[in-house]
Amino acid sequence: MVARSEAEQLVRTVPTEPYYAGGWDSSRGADTFDVIDPVTERRLATVVAAGAADVDGAVSFARSALDDGAWGRTDGTARGYMLNRLADLIEERTEVFATLESLDIGKPGFESRAIDLPQTVHAFRYFAGWADKVEGRSIPTSAYMGRPTHSYTVREPVGVVAAITPWNSPTMIGAWKIAPALAAGCAVVLKPPEDAPLTSLLLASLIEEAGFPAGAFSVLPGRGAVTGQLLIDHPGVDKISFTGSPETGYKVALAAAKGFRRTTLELGGKSPQIVYADADLDEAARGVGIGIFANQGEVCAAGSRILVARAVYDEFVELLVDQARNVKLGDPFDEGTTMGALINERHVDRVSRYIASGLDDGARLLVGGHRPERKGYFIEPTLFAEASNSMTIARQEIFGPVGTIIAFDSDEEAVALANDSDYALAATLWTCDVSRAHVVARRMKAGAVAINGWSPLDPRLPWGGFKLSGQGRELGWSGIEANTEEKAVTAVLSYPLPR
Ligand code: NDP
């Protein structure tokens, strides 16, 4: 891992302007914004915000690249080569991407290196494989006025896709949107998060070298309420692929309703982790700890509701508290740090308010709960016990390192508590009973269920949720479906088809 001073030097190599129509544009953006390091609270970079002219320029150019340009004429085989080449270029720069991600977000370097970057490369390689396999079906159909018919379907790119990403894992979540859309032949216009735009800008700097023609991929940094809103309102956008809060997701859905444009909405979660009495408790405590403390708890699938069988409640709580005490909060660039800073001051305030509400509602604070007296947006790993599922800390997404432990007495009660949520993104089950695991997995209201391991990531698996957690699926074949329109073609034939 590089030292902090070297990491800060790296930022200077990253472009800080909108990228579209195959080039960088600093001329039109009158507005700029600062990117702040969550650990030092110092300015890392000043980035040019894309304004109305940039948004229009990017979307219009993407449209013509698809309709009349080189990108629209690029076949699946070539798209696959380009995606593989892009994966190679990212992989060669893993250290640079991982370092920038740590600086930008405040997360420990080992997480970027072990999770975000390998997952990003994997997603580009996986979808490179799909690019020349976007196939249709042949469907036997009835005769038309006594004449035989021949019917088949084709999958065509949805068109221009606006991809909007959150700050918690912008590189990996960006890849989850960009890779399937490019594999399907769509043009992508990415609006990265204002708090963490650096790796998206670095990605744009590789796109030409990977062989993509101008207009296939653009990056428009800027504020959500301005650049983001202009993008989702632009009539040239055919689909919006959004990851973020339910509040912004609602705005996206409203904007998309004009013209009934397609959406994929990956929103928040309040995911249960159920620990049964027969679980391997040491293993479960380690996994539950990762589930709530990884990435400072700033994870949509964070297992923030920890449901524990009463028979093992005291023993498990003790083990989990040990996990929290073992977390080493600190500068991501210091040796041994296992948890970094939250993204910004506003978010520290928000998480602190949730901690205060837990205390007000009568939950017992087991560990953490404070902002350490040091520079940076830090919050201690925090656990509440003796909570109920009706408390605010059990109902609302905190998006920080705060776990709420609730006891249950029966399997039925565990399932009822797990499903009693406005969200339905993920669930984790810890049990040695294989039959119970699969039966309960089927009963979980969640887009993804993990058994004896917290939320394994893999671009082959569909990802997404329902209820307040959103709509649609990214990744896997679902990622291709979400970026294509299925067209049925029927030909009325002059001669019978051979049997
Ligand atoms: P926000 O909803 O605030 O922002 C998400 C993105 O939308 C950012 O790029 C933001 O830009 C942009 N945005 C904000 N307002 C608008 C607007 N009016 N029009 C268009 N775009 C807009 O979420 P956060 O960035 O705060 O991310 C945290 C949230 O994301 C959490 O609730 C979390 O659960 C969810 N999330 C869900 C995941 C999933 O897969 N389901 C994964 C990761 C996070 P800007 O940054 O400039 O404000």
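What counts as what
Residues numbered from 1 in each chain as written. Predicted model: local features only at pLDDT ≥ 70, side-chain atom pairs only at ≥ 80, totals over all residues. Heavy atoms only, no water. Phe/Tyr/Trp six-rings, centres within 6.5 Å; stacked < 30°, edge-to-face > 60°. Helix = DSSP H or I, 4+ residues; strand = E, 2+ residues; numbered from the N terminus. Salt bridge = Lys/Arg side-chain N within 4 Å of Asp/Glu carboxyl O. Buried < 20%, exposed > 50% of the residue type's maximum accessible area, 1.4 Å probe, protein only. 1 Å grid on protein atoms, 1.4 Å probe; cavity = no way out; pocket = protein on both sides within 12 Å on 5 of 7 lines; lining within 4 Å. Points joined across faces, edges and corners; volume = space filled by probe spheres on them. Nonpolar A, V, L, I, M, F, W, Y, C, P; charged D, E, K, R; others polar. Near = heavy atom within 4 Å. Polar contact = N/O pair within 3.5 Å; in protein donor to acceptor, adjacent residues only side chain to side chain. Areas by Shrake-Rupley, 256 points an atom, 1.4 Å probe, with all protein chains shown as cover. Sits in = over half its atoms within 2 Å of the grid points. Domains from an automatic or database assignment.

Asks: What should I look at first to understand the packing of aromatic side chains in this one?
Replies: Aromatic ring pairs are described here by two measures, namely the spacing of the ring centres and the angle between the planes. A complete count under the given rule lists eight aromatic pairs for this structure. Between Tyr126 and Trp130, the ring centres sit 6.5 Å apart and the planes meet at 85 degrees, which makes this aromatic pair edge-to-face. With Tyr126 and Trp130 both in helix H5 (residues 109-130) and four residues apart, this pair spans about one turn of that helix. Between Trp167 and Phe399, the ring centres sit 5.4 Å apart and the planes meet at 75 degrees, which makes this aromatic pair edge-to-face. Taken together, the residues span a long stretch of sequence, with Trp167 in the loop between strand E7 (160-164) and helix H6 (170-183) and Phe399 in the loop between helix H13 (392-395) and strand E16 (402-408) at a distance of 232 residues.

Asks: Please explain the pattern of salt bridges as it appears in this structure.
Replies: Should their charged atoms come close, side chains of opposite charge can pair. The full count for this structure, using the stated rule, is 32 salt bridges. Ionic pairing is found between Arg113 and Glu95, a salt bridge with its closest N-O pair at 2.7 Å. In this pair, Arg113 is assigned in helix H5 and Glu95 in helix H4 (residues 94-105), connecting sequence segments 18 residues apart. Assessed through its relative accessible area of 38%, Glu95 is described here as partly exposed. For Arg310, the salt bridge goes to Asp409, with nearest N and O atoms at 2.8 Å. Linking Arg310 in the loop between strand E13 (305-309) and helix H11 (313-326) with Asp409 in the loop between E16 and helix H14 (411-419), this pair joins segments that are 99 residues apart in sequence.

Asks: Just to check I follow, could you spell out empty space enclosed by the protein for this structure?
Replies: If a probe as big as a water molecule is rolled over the atoms, it shows which places are left empty. The final tally for this structure, using the stated rule, is six cavities of 30 Å³ or more. The wall of the largest cavity is formed by 13 residues, among which Pro170, Thr171, Ala175, Ile178 and Leu203 lie closest to the centre. Elements supplying a minimum of two residues to the lining of the largest cavity: H5, H6 and helix H7 (198-204). In terms of residue count, H6 provides more of the lining of the largest cavity than any other element does, five residues in total. Among the residues making up the lining of the largest cavity, the classes are represented as eight nonpolar, five polar and no charged.

Asks: Just to check I follow, could you spell out the site of the ligand for this structure?
Replies: The environment of the ligand is formed by 31 residues, the closest being Thr165, Gln229, Ser245, Leu267 and Glu397. Gln229 places a polar side-chain atom, nitrogen or oxygen, 2.7 Å from a nitrogen atom of the ligand. Within the contact set of the ligand, an oxygen atom lies 3.3 Å away from a backbone nitrogen or oxygen of Gly244. When isolated, the ligand has an accessible area of 900 Å², and the protein chains bury 89% of it. The site holding the ligand turns out to be the largest pocket. It is helix H8 (residues 224-233) that contributes the most residues to the shell around the ligand, five residues altogether. Each residue belonging to the shell around the ligand can be placed in one class, and the counts come to 14 nonpolar, eleven polar and six charged. Counting the residues that make up the shell around the ligand, at least three belong to each of domain 1 (4-267 + 469-486) and domain 2 (272-451).

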